[in-house]
There are 4 protein chains.
Amino acid sequence: MHEFRTRRKIEFSDTDMGGVVHFSRFFIFMETAEDEFLRQLGSSFWMQEGDVTVGWPKVEVTCNYLNSAHYGDELDIHMKVARKGTKSLTYEFTFHRGDEELAHGRTTSVCCASGPDGFHSIDIPEKLAQQIQQAPD
Amino acid sequence: MHEFRTRRKIEFSDTDMGGVVHFSRFFIFMETAEDEFLRQLGSSFWMQEGDVTVGWPKVEVTCNYLNSAHYGDELDIHMKVARKGTKSLTYEFTFHRGDEELAHGRTTSVCCASGPDGFHSIDIPEKLAQQIQQAPD
Amino acid sequence: MHEFRTRRKIEFSDTDMGGVVHFSRFFIFMETAEDEFLRQLGSSFWMQEGDVTVGWPKVEVTCNYLNSAHYGDELDIHMKVARKGTKSLTYEFTFHRGDEELAHGRTTSVCCASGPDGFHSIDIPEKLAQQIQQAPD
Amino acid sequence: MHEFRTRRKIEFSDTDMGGVVHFSRFFIFMETAEDEFLRQLGSSFWMQEGDVTVGWPKVEVTCNYLNSAHYGDELDIHMKVARKGTKSLTYEFTFHRGDEELAHGRTTSVCCASGPDGFHSIDIPEKLAQQIQQAPD
């Protein structure tokens, strides 16, 4: 799998006094799409495997805003795997309301496991690595 | 100690499209005041003591809204210990902008410690229990 | 209509370092359920009617927490109209994960319209008032 | 003025179940620093000037995460004006806990004014444009 689509309705609490969705909320929308993608593959964004926690902290995120999103809007979110590394995944996201693009973003998450000294990066678990492909250019 | 005063400036992201502070933010303001109160006593809202985590999850919260708070406002927060139990503390909060009361609230937190089966309530640690008094009526 | 049911999946960003949903998030869940209820009746929580904005600011909210909610949980939210006034509506909410009750809350919203001097309370619009009934005791 | 320093204490509600500050919170920290910078110059991030609202919506934001921030940490935030355009300002931010860099970010805000057809970009008001300089490379 190399892409994923989901939809999200804007809530009142997503907005700010400018009358539009606060820019930081788009990162929540991206993270939840990432989580839904991983759950569809039988995994998730943060998992307990015995004594070990395996999660995907972010190392780099970016978002560009083209048009405002409003309370009640339904956003179509498209996500693709822009880069598949040994230990990390970079996703690209676009946000549309109907035909209009509102924003696009990019996040890089590193697969990490908890150990006695805190979190450290690990190779993406084999089963998951086989399920996820890098999107064609 | 039975009361505590602090001050908080309203941020842009505290607001919603109604042009005022979102009602849920007052609970964040209360929690942070509670934390500052406990830190002043050398404790805090969530602490690691060896292998054990001691924290104060909430069991009941309420807030009444009288007037709106706006971006840039400086809120004067007054907190008092309305009830001191063996395992719990109930705080009452008022929020003022100058002489005008904007809101008042109440939260009850139970002292809990982590164990092999999750969190369970414990007596308030003795040192802290000695430092905190119930406010006079 | 005097009650409404909805469902919500807990997101990673709903949690705090205690490993559970932050208590303040339940108020967001309540507000979104209130909004979905009003939308089902052809209204919404915040509306533009010509030059006038009609909305439902909250005047009193409360929540009791019985059990923790976790990342990935699906919460069943039940909402009923506990009191229908001329200008206000009080809703009661329960949150369940399967058979287990996690929390229950109560919010009172006042119907307000924008005017030259800011927001003021108004009677609930007649059509909406006819559609909403107080739940039987 | 071409740079600004501020400090922020991490609150419990800034954290997620990973035990660290949620990555999206750094954008709130950046926005609040931007606001404090503008307020120091007698302006602010969102202002009413007669009938017109002048604000600074963001068009591009990015953040890189090097080390985790924790509940109770005091973050030293340094912000500089990386690029001063006719209508926009690009800021760069670094976040330190003591000597350790935790994150660095970049946001671009466009000066906008409300009109009959919504917000549109405008030249930075002359007085403010004179007060703000681009930081030396």
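Our structure is the block above this text.
All figures in this text were calculated on a predicted structure; none of them were measured in a lab.

(A) Summary view of the interface of chain A and chain D. With 17 residues of chain A at the contact, the number on the chain D side is 17 residues. Mapped by element, the contributors of at least two residues to the side of chain A that touches chain D are helix 1 (25-40) and strand 4 (58-65) of chain A. Broken down by element, the side of chain A that touches chain D gets its largest block of residues, eight residues, from strand 4 of chain A. Here the side of chain A that touches chain D is built from residues that sort into ten nonpolar, five polar and two charged. Two strands pair when backbone bridges link them, and strand 4 of chain A and strand 4 (residues 58-65) of chain D are joined in this way by five bridges, in the antiparallel orientation.

(B) Representation of the environment of Asp-99 of chain C in the model. Positionally, Asp-99 of chain C belongs in the loop between strand 6 (88-97) and strand 7 (100-110). Separated by 23 residues in the primary sequence, Asp-99 of chain C and Asp-76 of chain C place their C-alpha atoms 9.5 Å from one another.

(C) Examining the relation of the copies chain A and chain D more closely. Least-squares fitting of chain A to chain D yields an RMSD of 0.0 Å, with the superposition described by an axial translation of 0.0 Å and a rotation of 180 degrees. The superposition of one copy onto the other is thereby described by a two-fold rotation axis. Distance from the rotation axis, computed per C-alpha, reaches its smallest value in chain A at Thr-62 of chain A: 2.0 Å. Most of the interface of chain A is mirrored in chain D: 100% of its interface residues are interface residues there too.

(D) Fine view of the sheet that holds strand 9 (residues 118-121) of chain C. All names here are of chain C. Across the sheet, four strands lie side by side as 2-3-8-9; this open sheet has antiparallel pairing. Of all strands in the sheet, those bounded by a partner on one side alone are strand 2 (46-49) and strand 9. Pairs of neighbouring strands in the sheet enclose a mean axial angle of 30 degrees, with direction left out of account.

(E) How the structure looks around the relation of the copies chain B and chain C. Each copy of the sequence occupies a distinct position, and chain B is placed on chain C by a rotation of 180 degrees and an axial shift of 0.0 Å, giving an RMSD of 0.0 Å. Interface residue correspondence from chain B to chain C reaches 100%, placing this contact among same-surface, isologous pairings.

(F) Geometry of helix 1 of chain A. Counted at 1.5 Å a residue, the expected span for helix 1 of chain A with its 16 residues is 22 Å, and the 23 Å between its end C-alpha atoms agrees. Along helix 1 of chain A, the residues classified as buried are Arg-25, Phe-26, Phe-27, Phe-29, Met-30, Glu-31, Ala-33, Glu-34, Asp-35, Phe-37 and Leu-38 of chain A. Buried-residue contacts for helix 1 of chain A involve strand 1 (3-9), strand 4, strand 5 (74-84), strand 6 (88-97) and strand 7 (100-110) of chain A together with helix 1 (25-40) of chain D. In the segment just after helix 1 of chain A, Gly-42 of chain A is the residue with positive phi, at about 85 degrees.

Here is what the cut-offs are and how they apply
- Residues numbered from 1 in each chain as written.
- Chains lettered and ligands numbered in written order.
- Predicted model: local features only at pLDDT ≥ 70, side-chain atom pairs only at ≥ 80, totals over all residues.
- Contact = placed C-beta atoms within 7 Å.
- Helix = DSSP H or I, 4+ residues; strand = E, 2+ residues; numbered from the N terminus.
- Nonpolar A, V, L, I, M, F, W, Y, C, P; charged D, E, K, R; others polar.
- Pairing = 2+ DSSP bridges.
- Least-squares fit on C-alpha atoms with pLDDT ≥ 70 in both.
- Axes fitted to C-alpha atoms, helices over the stretch in contact; angles between N-to-C directions.
- Expected span 1.5 Å × (residues − 1).
- Buried ≥ 20, exposed ≤ 12 C-beta atoms within 10 Å, placed from the backbone.

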